[in-house]
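Chain residues, written in single-letter form:
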Amino acid sequence: MQKLILIIEDEQPIVDILKFNLQKEGYKVIEALDGLEGVRLAQTKEPDLILLDLMLPGLDGFGVCRKVREKSNVPIIMLTARDEEVDKVLGLEMGADDYMTKPFGVRELLARVKANLRRHVVDEEVESSEIMRIGNLTIDCSRYEIVKNDVVTVAVDGDLSSVTVKNLTARSL
Ligand code: CA
């Protein structure tokens, strides 16, 4: 299915560049030129990912992020101007998943979009499965742990989506 991306950005030339390149990659794109409209579209259209500018009229990027997070865990990539290190950190604490500093390359942006969409899918799969029990083996996907006979606990880092029960047990126990 075609992924829907919401761009919240008040500089039309940036919106146009983002939109052109995302559409070329096969994404559906909607746009908001101010924060309040951005929140409205985020809530009504339920996009798969949001590109969010920090300095916006109406409601700034932090405000938008907070509002959106009340109802959704959609991936949010913050777009910040240069030398806003503190703002970046705040942006992440505010619930953003990633950030990019302007000016950014289109290739990098597309790679980030793809990575965040993929990570989100993995997260959702993990949430829906959570705990598996096979014999005396318990696999807690939400905590990346495997427990055998209540004794062995193993943290598995990396991409759970590609790990099967068989190679988990072979590798860890
Ligand atoms: Ca701006």
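Residues numbered from 1 in each chain as written. Predicted model: local features only at pLDDT ≥ 70, side-chain atom pairs only at ≥ 80, totals over all residues. Heavy atoms only, no water.

Draft legend 1. Main features of the confidence of the model for the chain. Averaged over every residue, the pLDDT of the chain is 80; residues scoring 70 or more account for 70%. Contacts from residues 158-173, a stretch scored under 50 in pLDDT, to residues over four places away or in other chains number 25 contacts. (pLDDT = per-residue confidence, 0-100. Contact = heavy atoms within 4.5 Å.)

Draft legend 2. Expanded view of the coordination of the calcium ion. Protein ligation of the calcium ion involves Asp 10 (OD), Asp 53 (OD) and Met 55 (O), the donor distances falling in the range 2.1 to 2.4 Å. All donors of the calcium ion come from a single chain, and their spacing in sequence reads D-x42-D-x1-M. Note that Asp 10 is positioned in the loop between strand 1 (4-8) and helix 1 (12-24) and Met 55 in the loop between strand 3 (49-53) and helix 3 (61-69), a separation of 45 residues in sequence. Judged by relative accessible area, which is 53%, Met 55 ranks as exposed. (Donors = N, O, S within 2.8 Å, 3.2 Å for Na, K, Ca; no water. Helix = DSSP H or I, 4+ residues; strand = E, 2+ residues; numbered from the N terminus. Buried < 20%, exposed > 50% of the residue type's maximum accessible area, 1.4 Å probe, protein only.)

Draft legend 3. A look at the environment of Asn 73. For Asn 73, the position within the fold is in the loop between helix 3 and strand 4 (76-80). Sequence spacing of Asn 73 and Ala 96 is 23 residues, and the spatial spacing of their C-alpha atoms is 9.4 Å.

Draft legend 4. How the structure looks around the pairing of strand 3. Taken across its 5 residues, strand 3 has 5 buried, putting it largely inside the fold. Of the two faces of strand 3, the one lined by Leu 49, Leu 51 and Asp 53 and the one lined by Ile 50 and Leu 52 are each fully buried. Pairing analysis gives 4 bridges linking strand 1 to strand 3, with the strands arranged parallel. What sits directly across from Ile 8, in strand 3, is Leu 52. Of the pairings in the sheet, the one linking strand 3 to strand 4 comprises 4 bridges and is parallel in character. Residue pairing in the sheet places Leu 52 in a bridge with Met 78 of strand 4. Crossover strand 3 to strand 4 through helix 3 is right-handed. (Pairing = 2+ DSSP bridges. Right-handed = clockwise from strand over helix to strand, strands pointing away.)

Draft legend 5. Representation of the sheet that holds strand 1 in the model. Strand order in the open sheet formed by 5 strands is 2-1-3-4-5, and the pairing between neighbours is parallel. Strands with a single pairing partner mark the edges of an open sheet, and in this sheet they are strand 2 (28-32) and strand 5 (98-101). For this sheet the average axis-to-axis angle between neighbouring strands, irrespective of direction, equals 20 degrees. Here strand 1 pairs with strand 2 via 5 bridges, running parallel. Residue pairing for strand 2: Leu 6 is matched across the bridge by Ile 30. Strand contacts of helix 3: strand 1, strand 3 and strand 4, with the helix running at about 175 degrees to strand 4, the strand carrying the most contacts. (Axes fitted to C-alpha atoms, helices over the stretch in contact; angles between N-to-C directions.)

Draft legend 6. Broad picture of the layout of surface pockets. The volume enclosed by the largest pocket comes to roughly 310 Å³. Forming the boundary of the largest pocket are 17 residues, of which Glu 46, Pro 47, Ser 72, Asn 73 and Val 74 lie nearest the centre. Secondary-structure elements contributing two or more residues to the lining of the largest pocket are helix 2 (35-45) and helix 5 (106-129). Looking at which element gives the most residues to the lining of the largest pocket, the answer is helix 5, with 4 residues. Taken together, the residues of the lining of the largest pocket sort by class into 8 nonpolar, 4 polar and 5 charged. (1 Å grid on protein atoms, 1.4 Å probe; cavity = no way out; pocket = protein on both sides within 12 Å on 5 of 7 lines; lining within 4 Å. Points joined across faces, edges and corners; volume = space filled by probe spheres on them. Nonpolar A, V, L, I, M, F, W, Y, C, P; charged D, E, K, R; others polar.)

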